[in-house]
Amino acid sequence: MKKFAVLICLFVHQALLAQEKPKLIVGIVVDQMRQEYLYRFERKFGESGFKRLMSQGFMLTNAHYNYVPTYTGPGHASIFTGSTPAIHGIIGNDWWDRSLKISVNCVEDARQKPIGSVEGNGDVSPWRLLSTTITDELKLSSQKKSKVIGISIKDRGAVLPAGHLADAAYWFDSKTGKFISSTYYVNALPTWVENFNALKLGETYLNKEWNTFLPISQYTESGPDDSPYEQKWKGVDKPIFPYDLKRLKDANGNYDLMIQTPFGDDLLASFAEAALKGENLGKGDQTDFLTVSFSSPDIIGHRMGPNSIEVEDVYIRLDRNLESLFNKLDSEVGKSNYLVFLTADHAVAEVPQSLKDDRIPGGNFVEGKAMRDELNTFLQKQFPGKKLIEYDYNNQLYFNQDLFAGDPRTSGIDLLIATDLITNYLQSKEGVAQVFSKSTLKQGGYNEAGIKGMIVRGYNYKRSGDIAYELEPGWIGGGGPQGTTHGSSFSYDTNVPILFYGKGIQKGSSAKYHTITDIAPTLSVLLRIKFPSGCTGQPITEIIDGK
Ligand SMILES: [Zn+2]
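## Considering the overall build of the chain
Consideration 1: Assigned secondary structure in the chain consists of 23 helices and 22 strands.
Consideration 2: Its C-alpha radius of gyration of 24 Å places the chain within 12% of the 24 Å reference for a compact globule of 547 residues.
Consideration 3: Overall, the chain is about 95 × 55 × 45 Å in size when its C-alpha atoms are taken along their principal axes.
Consideration 4: Counting every position in the chain, which comprises 547 residues, the buried fraction comes to 60%.
Consideration 5: Long-range contacts, defined as pairs at least 24 residues apart, comprise 72% of the intrachain contacts of the chain with a sequence gap of at least 6.
Consideration 6: With 59 positive and 63 negative side-chain charges, the chain shows a spacing of 5 Å between the two charge centroids.

## Side note on the coordination of the zinc ion
The textbook angles at a metal center are 109.5 degrees for a tetrahedron of four donors and 90 or 180 degrees for an octahedron of six.
Consideration 1: The protein atoms that coordinate the zinc ion are D31 (OD), T72 (OG1), D345 (OD) and H346 (NE2), at distances spanning 1.9 to 2.2 Å.
Consideration 2: Of note is the zinc ion, whose four donor atoms meet at the metal with angles of 91 to 131 degrees in an arrangement that counts as tetrahedral.
Consideration 3: Spacing between the donor residues of the zinc ion along their common chain follows D-x40-T-x272-D-H. Here H346 lies in the loop between β13 (338–343) and α15 (352–357) and D31 lies in the loop between β1 (24–30) and α2 (36–40), a separation of 315 residues in the sequence.
Consideration 4: Overall, D31 belongs to the buried group, its relative accessible area being 0%.
Consideration 5: The exposure class of H346 is buried, given its relative accessible area of 0%.

## Notes on the sheet that holds β13
Consideration 1: What the 10 strands build is an open sheet, ordered β6-β9-β8-β7-β12-β1-β13-β20-β2-β21; its pairing is mixed. The open sheet has two edge strands, β6 (114–115) and β21 (508–510), and neither has a second partner.
Consideration 2: Note: β6 against strand β9 (residues 178–182), two bridges, orientation antiparallel. Across the sheet, I115 pairs through a bridge with S181, a residue of β9.
Consideration 3: Packed onto the sheet, helix α12 (residues 263–278) meets β1, β7 (148–152), β8 (168–173), β9 and β12 (288–294) and runs at close to 170 degrees relative to β12.

## A look at the nonpolar core
Consideration 1: Counting residues in hydrophobic clusters, the biggest one holds 124 residues, and the most contacted among them are I28, F50, Y315, L329 and F500.
Consideration 2: No other element matches helix α14 (residues 309–332), which puts 10 residues into this core.
Consideration 3: For F500, the contacting residues outside a window of four places in its chain are L53, G57, F58, L339, V340, F341, I505, I519, T522, L523, I540 and I543.
Consideration 4: One finds F365, L379, L388 and I422 within the second-largest nonpolar core, a separate group that totals 21 residues.

## Observations regarding α14
Consideration 1: In this model, α14 (24 residues) spans 34 Å end to end at C-alpha, consistent with the 34 Å of a helix rising 1.5 Å per residue.
Consideration 2: Of all 24 residues in α14, 18 are buried; the element is thus mostly enclosed.
Consideration 3: Looking one or two residues past α14, G334 carries a phi angle of roughly 105 degrees, positive in sign.

## So, the packing of aromatic side chains
Consideration 1: Overall, the coordinates contain 32 aromatic pairs when judged by the stated rule.
Consideration 2: Centroid distance W96 to Y391: 4.3 Å. Interplanar angle 5 degrees. Geometry classified as stacked. Of this pair, W96 sits in strand β4 (residues 94–97) while Y391 sits in strand β15 (residues 389–393), and the two are 295 residues apart along the sequence.
Consideration 3: Aromatic side chains F341 and F500 sit 5.8 Å apart centroid to centroid with 25 degrees between the ring planes, which places their arrangement in the stacked category. Of this pair, F341 sits in strand β13 while F500 sits in strand β20 (residues 498–502); the two residues are 159 residues apart in sequence, bridging distant segments of the chain. For the pair formed by F341 and F500, the shared burial category is buried.
Consideration 4: Its end group placed over the ring of Y391, R372 keeps NZ or CZ at 4.2 Å from the ring centre.

## Observations concerning helix α8 (residues 191–198)
Consideration 1: Listing the buried residues of α8 in full gives W192, V193, F196 and N197. The buried side chains of α8 occupy one side of the element, clustering within an arc of 135 degrees when seen end-on. For α8, the exposed residues lying more than 90 degrees away from the buried face are T191 and A198.
Consideration 2: Its buried side turned inward, α8 meets β8, β9, α9 (201–206) and α12.

## Examining the environment of Q32
Consideration 1: You can see Q32 is positioned in the loop between β1 and α2.
Consideration 2: Residues Q32 and Y71, spaced 39 residues apart in sequence, show a C-alpha to C-alpha distance of 8.9 Å.
Consideration 3: Of note is the side chain of Q32, whose polar atom sits 2.9 Å from the side chain of D298.

## Some thoughts on the packing of helix α16 (residues 369–379) against helix α18 (residues 415–427)
Consideration 1: It is at 11 Å that the axes of α16 and α18 come closest, and there the two elements cross at 125 degrees. The angle between α16 and α18 falls in the class oblique. Two packed elements cross with a definite hand, and for α16 against α18 that hand is right-handed. Across from M371, E374, L375, F378 and L379 in α16, the residues of α18 making contact are L421, I422, Y425 and L426.
Consideration 2: Looking at side-chain class alone, the contact of α16 with α18 contains eight nonpolar, no polar and one charged residues.

Parameters at a glance
Residues numbered from 1 in each chain as written. Predicted model: local features only at pLDDT ≥ 70, side-chain atom pairs only at ≥ 80, totals over all residues. Heavy atoms only, no water. Helix = DSSP H or I, 4+ residues; strand = E, 2+ residues; numbered from the N terminus. Rg over C-alpha atoms; globule rule 2.2 N^0.38 Å. Buried < 20%, exposed > 50% of the residue type's maximum accessible area, 1.4 Å probe, protein only. Contact = heavy atoms within 4.5 Å. Lys, Arg positive; Asp, Glu negative; His and termini not counted. Charge placed at Lys NZ, Arg CZ, Asp CG, Glu CD. Donors = N, O, S within 2.8 Å, 3.2 Å for Na, K, Ca; no water. Tetrahedral: all angles 85-135°; square planar, octahedral: opposite > 155°, others 65-115°. Pairing = 2+ DSSP bridges. Axes fitted to C-alpha atoms, helices over the stretch in contact; angles between N-to-C directions. Core = buried A, V, L, I, M, F, W, Y, C linked by side-chain atoms within 4.5 Å. Expected span 1.5 Å × (residues − 1). Phe/Tyr/Trp six-rings, centres within 6.5 Å; stacked < 30°, edge-to-face > 60°. Lys NZ or Arg CZ within 6 Å of the ring centre and 35° of its normal. Arc of directions from axis to C-beta. Polar contact = N/O pair within 3.5 Å; in protein donor to acceptor, adjacent residues only side chain to side chain. Parallel < 35°, antiparallel > 145°, perpendicular 65-115°, else oblique. Left-handed = near helix turned anticlockwise from the far one by under 90°. Nonpolar A, V, L, I, M, F, W, Y, C, P; charged D, E, K, R; others polar.

Shown next, in the form of structure tokens:
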């Protein structure tokens, strides 16, 4: 009888354990990481970094962004809101504010002041994000008892994931080499951040040399070190290893140079470990949430392109950073008590010049002021003396709406005619795939297929432009023979890793199509909390059920 009661007790206890939520969720974003890197660099990874997630967690191999533009701000917002720019409103890193007639940044907020550095870029908050995040929902469901901390090198990489209710977000101030925050979150830096800043790790890295982690002859997954497709730093003859930061720092912006090397990841990984301890994450009664966005892979990727030894080295080193972070989570929070997910905010295109040299279509599309001037000149024939195009951003054109305000018979400008002229002109240009007017996009459904659907889901009626265009595959906006970017609707920009690992997560992988908006609702189901307010994604049932 006694034995029986003990057994019942055990069963009840086990059932309760199964229902227990993770003590901590760590949401990792690797800025600009392609799914392909997991395979291409796999042989160079250790067993306990990326591979720990790949072999002991659940890996989606066919996960994509489902909108354009595939940029950093929208990417981070979409991961954590389970929504797209049409709804969460983060339509770019920057965009044209029609009423203010200025360019605005996705996280800038003039009402805030920096905390931790007087001159730092700290007038920042998530106020332009129109939906709740999964981190907000965790806060709401726990009556704000859960702790939420967001960290990154880039401000937007820390602020958007952490959401509106975060305890704090911290980002790197490249003027002072310190992690800072804003008055939106705190009145002063906590002691653990002050102590971390006092270590002056950034300064240490600035006096180091960046050489390859493994002997350079082993980097057979990448192109030659001396490549014509890589941007050189000031003061170097060739874009080759080793890079002596001590010698290069003055001419290349000091800490701005440091974050263009894997030392930026080293610094953030150390800061993540400091945050775990400093904030006692995963030690309370409620689930806590730490978001960590590694920015340096993006900054290096833009300069060097996806086939550079520099980028391979970044991932080999990041793999070791992850291993160290996971070990820390094991010891601090407990092996079966936390849940990690890892994804990226977008992937990246090949260097267009390298495609051209290989006789693959691609190119650099001239945009910005040069394109605006060209279009305004072209429109002079029809509308003399008028400057119709006010700005261009994120493959969109903003009209000077004041010109269309009056009666077209007196103003001489008809919106329909102007739209038609510009659309046809753009469509005729080499590199342009499709052009859509605002009225066409308005008629598009949210779940529409093809390029139009990708634009519709990324298009916010209040914030986006009057005309949107998409380039042909392999083309990027701007740039030159060296370096590359992202932003398109094509798979090289949309296909990113989604890896889940830890408490409540089955082992396995799935090649089923999933969108980036599925991460947040999956977490909602796992945590048994509400979906974020603008959520359009669906829970990834394979991860939860193991089927
Ligand atoms: Zn990014």
